[in-house]
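Chain and residue survey
Here are the chains, one letter per residue:
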Amino acid sequence: MTSRSATRPAPGARDQVARLLTLVPFLHQRSQVRLGEAADLLGTTPDQVLGDLRVLFMCGLPGGLPDDLIDVDLDALETPDGGPLADGLIRVENADYLSRPLRLSPTEASAVIVALHTLRSGSTPEVAALVDRVLAKLEVAVSASAEVRSVSVATTPDEAAEVALAAQLQRAAEEGRQVRLTYHVPSRDELSERVVDPHGVVTTGRFSYLDAWCHLADDDRLFRLDRITEADVLDTPRRTPRRAPRDVSDGAFDQRGEEGAVLATLRLEPESTWAIDYYPMKAVRPQPDGTVEVDMLISDPRWLDRLLLRLAPGAAVVAPQEFIQTFTTSAQRTLALYRGGQRTMES
Amino acid sequence: MPAAKSERLLNLLIMLLVQRRPVPKERIRELLYPDSAPDAFEKMFERDKEELRGLGVPIQVAPVDSYFDDELGYRIPADDFALPEVTLTAEEASVVALATRVWEHATMAQATTDAVRKLSAAGVAVDLAPLDIAPPRMVADEPAFAPCWQAVCERTAIRFDYRRPDEEQPRRRHVQPWGVVRSSGRWYLVGHDVDRGAERVFRLDRVTGTVRRAGPPHAYDVPPDTDLRETIRRLAPPPGAQRAVLLARPDSGHSFRRRAVAVTHGVTGPDGRRDWDRVELERPSRGLVDEVLYHGSDVVLVEPERLREQIVRRLSAVVGAVVG
């Protein structure tokens, strides 16, 4: 038997205790657990588990008599030079009082419950029923404390539909089937139908996208899921090779289509500065009077026009001159519809 | 690698767990901290208790003798400590395994994994069985999310700078958090605003700078019967209108048509043409005026009058600014 020697302090004592409080019941539930399996369960290395077990070996009931201490067969887990034997069987005795794992903490319980509610939101009725059964059983297992109930996900019907759409498109990508999309392009207020070969669904912070080869554009395109108005998974197999969907999380795709774009300078009043966080800006220059001057690359002047109308009168074009004129004309033409025309007239 | 501190924590836990009666502090000192001076013991013992409580270990303080309550001791009630029996079918266990892939947030993903490990340790066979589902993802990329969630779980008061859209400068807020809620694709914090003495809802993406603790844990109670979603509904600004009527040119205003309760074709528009469509919306979103303006001369708001006036005022400001 290894001698019980003094030990050096190490960081993460709390993590180590947490791992042991999970490991001991795990061993208790199963007859033969090898060091490597235990490391997999705990998401750590055999070396770390061996270190944890050496700590356990020093613990037990107060009193200090040999029978009071937890017994760990360390010899079976160590090479002669003290390294871990991943194949070694773990044997722990005299630790029955640790045979049940610790209750889920409020954070753990709420994290798993929110994850389950998320799974439920976009799933089929059968899966939803399955999730409900799990939630009911877990609610007993976690302390039904206020802390757990204080985290909640209120999913709107729109969000649930989008989750279901994401799952449907992802499956089409995995099965190699084509999808017919009806897609809304708000910048042109255009509805178009197209057949795509889906690569997969990807997500940035707030939006999810389908990355797919578009047979209308003959190129790869990203489609924002909340702008897909209809999606039919077809029986026809994809005609182009599937590749991994693009990583859109760093916003790199915002840079596409820059050739032919025009740099525009806008002045945003304070109430319009939210736009800085929503659209890619080339430069942002706060002014002494509280307004902010920004430079944006504009590939479609019609979109800029729409943005300025949405912000009206909180944004103005500084340059180029042609955009100032277009915007003013749009505002005048729109205003004329309110001033001159009849209000409402049924046919 | 093994740490003296881990041993001390685990020994303290075992000692308080196996005792039926609360253990007096002096006894704990004799057995587990024999070499410490009184001051050092007090400090170390306080820290160790907090470490264990941080793991979720319930440490109770109770009179050592039920007839004389002058001496207090410590204990860990085994029933509160241990995870109760959970029996899941293989199919149910695969749902739990799937849950570990939902969070796209490092801390929350870790917490979910830790929870599932505990369930495995309790005997649930959690395997990634072939459940044919691509799990949806839950995103929380607001930097304020993790500290707010933590504060809710620990019931710790916090302070942060918060910028309302109608204010130019962020303002410092002091809040006792009650909960976090995801609604319409955003995360919100619900809590008691200490400065205003009232409940408030904060959008987490409007929190600027760092969220800091402003008090000890477990320092306040969340009012019983708090219904977070109900609070959000109640405190949310009222909808801009109950009903709205728009006129849209053919093949335009698609975002409105998607949500319309009724669309009438072939209506005479403000320009006298007879090919407009009349689009009716129930409870339009608060951004209705912005969205109508976005469509320029393709979409005209007819009702409600109040919002129509706003549009006229905003467009006049643009045209007037140019003329003047």
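Observations regarding the overall build of chain B
Helix and strand counts for chain B stand at 11 helices and 14 strands. For chain B, with 324 residues in total, the buried portion stands at 38%. Considering only contacts within chain B whose residues lie at least 6 apart along the sequence, 57% involve residues at least 24 apart.

Things to note about the sheet that holds strand β12 (residues 262-267) of chain B
Residues and elements named next belong to chain B. Spatial ordering of the open sheet is given by β12-β13-β11-β14, a layout of four strands whose pairing is antiparallel. Only two strands of the sheet have a single neighbouring strand rather than two, namely β12 and β14 (299-303). Neighbour-to-neighbour, the strand axes of this sheet turn through a mean angle of 25°, independent of strand direction. As defined by bridge partners, strand β11 (residues 243-248) adjoins β14 across four bridges and the pair is classed as antiparallel. Along β14, the bridge assignment pairs Leu246 with Leu301.

A word on the packing of helix α9 (residues 301-311) of chain A against helix α10 (residues 321-339) of chain A
All names here are of chain A. Relative to each other, α9 and α10 sit at 55°, their axes nearing to 10 Å. Between α9 and α10, the angle is such that the two are oblique. Helix-helix and strand crossings are classified by hand; for α9 and α10 the assignment is right-handed. Contacts between α9 and α10 involve Pro301, Leu304, Asp305, Leu308 and Leu309 from the first element and Phe323, Thr326, Phe327, Ser330 and Ala331 from the second. Its residues assigned to classes, the contact of α9 with α10 comprises seven nonpolar, two polar and one charged.

Comments concerning the nonpolar core
Counting 103 residues, the largest nonpolar core has Val112 and Ala115 of chain A together with Leu13, Val96, Ala99, Cys148 and Leu204 of chain B as its most contacted members. By residue number, the principal contributor to this core is helix α1 (residues 13-29) of chain A, which donates nine residues. With sequence-adjacent residues up to four places away left out, Ala99 of chain B is seen in contact with Val112, Ala115, Leu116 and Leu119 of chain A together with Thr112 of chain B.

Examining the confidence of the model for chain A
Residue and element names in this part refer to chain A. Per-residue pLDDT for chain A has a mean of 82; in total, 84% of the residues score no lower than 70. Long-range and interchain partners of residues 1-10, a stretch whose pLDDT sits below 50, account for 15 contacts in this model, where long-range means more than four residues apart. Under a pLDDT of 50 for its full length, residues 341-347 has, in the predicted model, 14 contacts with residues more than four places off or in other chains.

What to know about the environment of Ser6 of chain B
For Ser6 of chain B, the position within the fold is in helix α1 (residues 4-18). Residues Ser6 of chain B and Asp48 of chain B lie 42 residues apart in sequence; the distance between their C-alpha atoms is 9.7 Å. Setting aside residues up to four positions removed in sequence, Ser6 of chain B forms contacts with Ala13, Gln16, Val17 and Val55 of chain A.

Thresholds, definitions, all that
Residues numbered from 1 in each chain as written. Chains lettered and ligands numbered in written order. Predicted model: local features only at pLDDT ≥ 70, side-chain atom pairs only at ≥ 80, totals over all residues. Helix = DSSP H or I, 4+ residues; strand = E, 2+ residues; numbered from the N terminus. Buried ≥ 20, exposed ≤ 12 C-beta atoms within 10 Å, placed from the backbone. Contact = placed C-beta atoms within 7 Å. Pairing = 2+ DSSP bridges. Axes fitted to C-alpha atoms, helices over the stretch in contact; angles between N-to-C directions. Parallel < 35°, antiparallel > 145°, perpendicular 65-115°, else oblique. Left-handed = near helix turned anticlockwise from the far one by under 90°. Nonpolar A, V, L, I, M, F, W, Y, C, P; charged D, E, K, R; others polar. Core = buried A, V, L, I, M, F, W, Y, C linked by C-beta atoms within 7 Å. pLDDT = per-residue confidence, 0-100.

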